[in-house]
Every structure is written in C-alpha cells, then in structure tokens.
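Secondary and tertiary structure notes
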Amino acid sequence: MRPTAFNGPTEMTGISGWLGAEASAALALSLKVSVVATLVSLPFGVLTAFALARWRFPGRQILNGLVHLPLVLPPVVTGYILLLTFGRSGVFGGALAELGIVFAFRWTGAALAAAIMAFPLMVRAVRLSIDAVDPALEAAASTLGANRLWVFLTVTLPLILPGILTGAVLAFAKAMGEFGATITFVANIPGETQTLPTAIYSFLQVPGAEPEVVRLVLISVAVALGALALSEWLSVRVARWVAGR
Amino acid sequence: MTLAVQIQQKWPSFALDVEFDAPPGITVLFGRSGSGKTSAANAVAGLMRPDTGRLVLGGRILFDTAAGISLPPHRRRIGYVFQDARLFPHLTVRQNLTYGRWFAGRDDDIEMDRVVEMLGLAALLTRRPSALSGGEKSRVAIGRALLSGPDLLIADEPLAALDEPRKAEILPYFEWLRDETGLPILYVSHSVTEVARLATTVVVLEAGRVIRQGDAAEVLGDPTVTPTGIRDVGALITARLVAHHSDGLSELDAGGIPLILPQISGSLGREVRLRLPAQDMILSRARPEGLSALNVIPGTIISIRDGEGPGALVVLETAAGRVLSRITRRSVAAMGLASGMTCYAIVKTVAIAAPDAGG
C-alpha cells in the first residue's frame, strides 16, 4: 500500500484534479460512508432517543450506557469489538455474511463503524429535543383520537425535527472524521475502505506527501465547518417553522 | 347521554374517592384548587388511570377495574378543552380544527362550517397558534374538541388563564354548547361566577370527595355548602327578560318580582340566570322608601345561621326563589330577626354585575 504522492498526467478537473486520484477516491468514499451511516442510523437513533426519554423499562440504564459507550471507549477498542462481532467469524458477522451482507474490510464496515461512533451524538441531540416537547400536547392529541403511533408521527416528530436535523448533521460530521474504529475494523485499503482521515494518515507516512496532506486537511476543515454552519442554519429555520413564527 | 363516574385513586399525600353522574347539560366539578377536580376529569378522559373504579358513558364502558376494561384516551371519544388550550404549534388553526375529525373519520363540511361560524374562527383559519390571542386560542381549542365528534366534552378551567374581558367573550360559547348541542359537558371550575352562569348540575368536591351534588340553584342556595369560602355564597335565581329601558337598564321578572339590571343582551322573553351574592344583599324589616337601591325582594326568613366570625347567613323564601343575605350577628340581634318573619332583601342594581347574569 504505497500512496502515490504525485499524480501523473491529469485528465481530471475541479476538486478531483486538484486532489489527485487517490485522495479524491478517499473523499468520495468518506462522503458515501458518512451519508449512508447517518441515514441508516437515523431511524434507530430517533427510536433509541424516544425510548430513553419516554419509556420506563428494565435495562433502560444499560441501554443508555451502551449507547454512550463509543463516546468513552478508546475508538480502537470499539473497532476491535466490531471486528469480533461483525467480522466474518463474528457472532453477527457470520450470520449476516450468509445473507450477503459483509462488513469486514468493506466500505459497509466503514459505514457501520462511523454509525456506531456517531450514534451517541445523534441520540443526545434528538433526546434533548424530545425532552423539550410538552407531553401535554401529546395528551391533547390522544384525546382527539390519535393512537400512540399517530401522536408520535403527527405531533412529536414534527416538533423534534430541529433536534433530528442537528443530530444528523453532527453525526455526519463525526462520521467524516472517524479514524480509530474504522482503521481497526476495516483497515485502510485505498478505493475500498480508505476514508479521508485514514488517507491523511497514509500520506503522512510517505516522505514528500505534505501537499496531499494539506489539501485533505483543508477539505476536512471545510466539510466540518460547512456541516456546523448548515446545522445551525437548518435548526434555526426549522425551529422557526415549527413554532409558526 | 349520561356519564356515570366512580373512581378511587391513592397518592402518598392525597386520595381521590368520587362518585357522581353527569347528565346532559353542563356538570360543573366545583371546588377549590387541590380538591381533586382535574384529577377526576383526567381519569374520565383516560389521561390518568385510577386504582379502582368504573366509568360508563351512555352505556359504553370506558373503564372498569372489576371487568379489566380500560379504553385508551383515543378510543373514549371524549373531547378535552384544556386550561392552556394546548394547540399544536406546528399546525395552522384549520389543521388544528380538523386534527380530530380525521381520526373520527368525518369530513362533512357542514359541521365544520357551523362550528367555525359559531366560534368566529373564519378569519383565523390560516394562522398559526403563536399568532393568536388568549381568547382566540380558547375558541380554537373549543372548536377542535367539538369537531372530533365527542360523546362528552371536558373543559378544565378553560377561562382561568384569561383576563376578565376574554372570560366574558368565551362564556357565551359554553352557554351555546349547553343549550344547543345536547352534548354532556364536564366543566371543572373554582369560580362561583362560572358555576352560576353555566351549571345545570353541580358536583362539589372537597379534599378528594364529593360533599354535595345536585341541581345548580339548589346547591348554590345551600348555605352549608361553601367550597370556595363564605364570600362566594349566593343564591341562583331564574328570571325572564321583560323590558329594555331607554336609560340603559333592563327589567326582569322573577316570579312576579321586578328586578332592574344594567343592560343585558338578548330578546325579550328570554330566561336569564341571576346570581345574587349573599354579601351584597341588605335586609330591611319594613319596605324601604327613599332608597337608591332599585331591587326590593319581599320574603320570609326560613333560617338564620351563625358563622364562625361576626357574620350570620339569613335565608329567605321569596316569590323569586331562595335568597341569601350575609349580615352581621349584631344586625340580626338589633333587628330582632327570627325565622318566620317577613323581611325585604335589597340589592343595588350595579351589584348584579354582567358576569353574574347570563342565559
């Protein structure tokens, strides 16, 4: 695995021309991994946040701890646990492989690692917004004939939309930057599992590849700042729409 | 349709144990704050689950611990008008109004149009709740509950959060509901004015128990029932509007006794409920002359009750109905008042304020 620091004759244009083939592939993969990780984990994140905020059930504290575990564990440990559970010979990995879903050393594994690492951030953001919803409004909806699912879909969900958007953008930004769990679980294979951070890491190992590193760092900073700005703008806009002002 | 209520619920520091019926018309759950009124209403709506009890609405069992039945709120068909309106902030007024209709599977525009017109909501339909005044929010909340096609309407202190002019604006809508819709209404209140204006039946709660229930005039005219304090004691009489005078006064006929009031609305011949606060009634042994007060009601003393303080409550039987007067014990002694004596109850026209007089 030797990253090419300087590209030969370039036929590429725009960002990919500026970045070079390998770095462009890493950026594209990172975007794909982060978008998929965010979108697929979003429903689970909302459900988990709702369960933690509203339901009282045995094991609630355990679930809460599990959700927050990736936040406090060393990422490399999380990656190793993923390898044990979702690797080809892992508990779930073996079963899923028979269904044709393989995570180990695939971009899907990078998405899984990113989703797990971003999950606590997403759940926290959504849960905060659920805590801010007045249960009295939900009670009012139930007296008007809405069952619990409809109350959730027509009252709770629209009211927590700003929190969901914030959570999704935070999770996306976190997924873009995920390193430790990803490299442990799916390694650093250019074009397959090499994401923006692992590409930066690879280029850092190559003497004279600083220009590549700087470009990728700039891209990372731009994506992170863009995500924050978008999240801020969206949540203000949506909060205003929800409140009818 | 009648609601039969029987519920028991224990909390660490409070116990609710009530049994009452709510026939068609407005049944007011009356009592001071903390007497368990709202808990009882929430139990009826299914927002709170009592330990034991039974709730039957027009033959439909909503809740029965013995039979293991407890319908969830959304299947009880009970409209609830909350004190704080609880409109959905993310929906327009129109969407708020149609929210319950959709679940009830009704989309007849006629009823929608009628409610919108009756509550004066036409100009508000495209607005969001954040752009409504307190009174407008209340009206939308009433409309929303009505349009869900309920078998029973619960209103939990719907006027408590409003200022006096807004209260005067909303009260007639409840009178309209009582007189025109035939819907049984459970109305939670600690305001004797609202009870006097609206109640068909009164259920008086104290410390989680029903201490009295019955016809509004009967309960309010009973000097032994003073859930919100002696100052709120007063008689409830019914009179007929007979004339509007050019000097801004209206004349009513209460069992042959003429009563003069500040102008009230309505066409001649309409029935008006009048609350005569006991502490505004002056007693005289002789028919007074040269007096500014315009209303003199002759009657016979049927009882005199001494209170804990310096006051006494005198109950008169008159042609207009039972009338209560709260005077000092000193006056009782000085005038030599006793049961069976003929007496004149006098009240200033302006003492019968508009909120106390209603249809």
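All figures in this text were calculated on a predicted structure; none of them were measured in a lab. (Residues numbered from 1 in each chain as written. Chains lettered and ligands numbered in written order. Predicted model: local features only at pLDDT ≥ 70, side-chain atom pairs only at ≥ 80, totals over all residues. Heavy atoms only, no water.)

**Digging into the confidence of the model for chain A**
Of all residues in chain A, 94% attain a pLDDT of 70 or more, and the chain-wide mean is 89. Contacts of residues 1-12 of chain A to residues separated by more than four positions or lying in other chains number 21 contacts, the stretch itself having pLDDT below 50. (pLDDT = per-residue confidence, 0-100. Contact = heavy atoms within 4.5 Å.)

**What to know about the sheet that holds strand β18 (residues 311-318) of chain B**
All names here are of chain B. The strand order across the open sheet formed by 5 strands is β16-β20-β17-β18-β19, and the pairing between neighbours is antiparallel. Across the chains shown, the open sheet's two edge strands, defined by having one partner strand only, are β16 (282-284) and β19 (321-328). Across this sheet, the average inter-strand angle for adjacent strands is 45°, counted without regard to direction. Examined bridge by bridge, β16 and strand β20 (residues 342-347) share 3 bridges and lie antiparallel to one another. Paired with L283 across the strands is A345, a residue of β20. (Pairing = 2+ DSSP bridges. Helix = DSSP H or I, 4+ residues; strand = E, 2+ residues; numbered from the N terminus. Axes fitted to C-alpha atoms, helices over the stretch in contact; angles between N-to-C directions.)

**Side note on the environment of P310(B)**
All names here are of chain B. If you trace the backbone, P310 turns up in the loop between β17 (295-306) and β18. Along the backbone, P310 and R329 are 19 residues apart, and their C-alpha atoms lie at a distance of 5.8 Å. Excluding anything up to four places from it in sequence, P310 contacts I327, T328 and R329.

**So, the packing of aromatic side chains**
Residue and element names in this part refer to chain B. All told, the structure shown has 13 aromatic pairs over all chains when counted by the stated rule. The interplanar angle of 5° and the centroid separation of 4.1 Å between the aromatic rings of Y80 and F82 together place this pair among those described as stacked. Using a relative accessible area of 5% as the deciding quantity, one classes F82 as buried. Between R86 and the ring centre of F82, over which it is positioned, the NZ or CZ distance is 3.9 Å. The ring of F88 carries R144 above its face, with NZ or CZ at 4.7 Å from the centroid. (Phe/Tyr/Trp six-rings, centres within 6.5 Å; stacked < 30°, edge-to-face > 60°. Buried < 20%, exposed > 50% of the residue type's maximum accessible area, 1.4 Å probe, protein only. Lys NZ or Arg CZ within 6 Å of the ring centre and 35° of its normal.)

**Details of the pattern of salt bridges**
Think of it this way: side chains of opposite charge can pair up when their charged atoms draw near. For the structure on display, the rule yields 18 salt bridges over all chains. One network of salt bridges, with partners in common, ties together R60(B), R77(B) and D151(B). (Salt bridge = Lys/Arg side-chain N within 4 Å of Asp/Glu carboxyl O.)

**Focus on empty space enclosed by the protein**
Vacant regions in the atomic arrangement are exposed by a probe of water-molecule size rolled over the atoms. The tally for this structure, following the rule as stated, stands at 2 cavities of 30 Å³ or more. Every residue lining the largest cavity is counted, 13 residues in all, and those nearest its centre are F30(B), L220(B), V225(B), P227(B) and D232(B). Roughly 40 Å³ of volume is contained in the second largest cavity. Forming the walls of the second largest cavity are V33(A), A110(A), A114(A), A175(A), M176(A), E178(A), T182(A), T195(A) and P197(A). Of the residues belonging to the lining of the second largest cavity, the class tally is 6 nonpolar, 2 polar and 1 charged. (1 Å grid on protein atoms, 1.4 Å probe; cavity = no way out; pocket = protein on both sides within 12 Å on 5 of 7 lines; lining within 4 Å. Points joined across faces, edges and corners; volume = space filled by probe spheres on them. Nonpolar A, V, L, I, M, F, W, Y, C, P; charged D, E, K, R; others polar.)

**Overview of a nonpolar patch on the surface**
Residues I62(A), L66(A), L69(A), L71(A) and V72(A) make up a contiguous nonpolar surface patch of about 510 Å² in total accessible area. Note that L69(A) resides in helix α3 (residues 60-72). (Patch = residues over 30% accessible without salt bridge, like charges linked within 9 Å, V, L, I, M, F, W, Y side chains within 5 Å. Areas by Shrake-Rupley, 256 points an atom, 1.4 Å probe, with all protein chains shown as cover.)

**Here we look at unusual backbone geometry**
Despite not being glycine, F105(A) shows a phi value in the positive range, around 55°. Within the fold, F105(A) resides in the loop between α5 (91-98) and α6 (107-131). Even without glycine at this site, E157(B) takes up a positive phi of about 40°. Among the structural elements, E157(B) can be located in the loop between β8 (152-156) and α5 (164-181).

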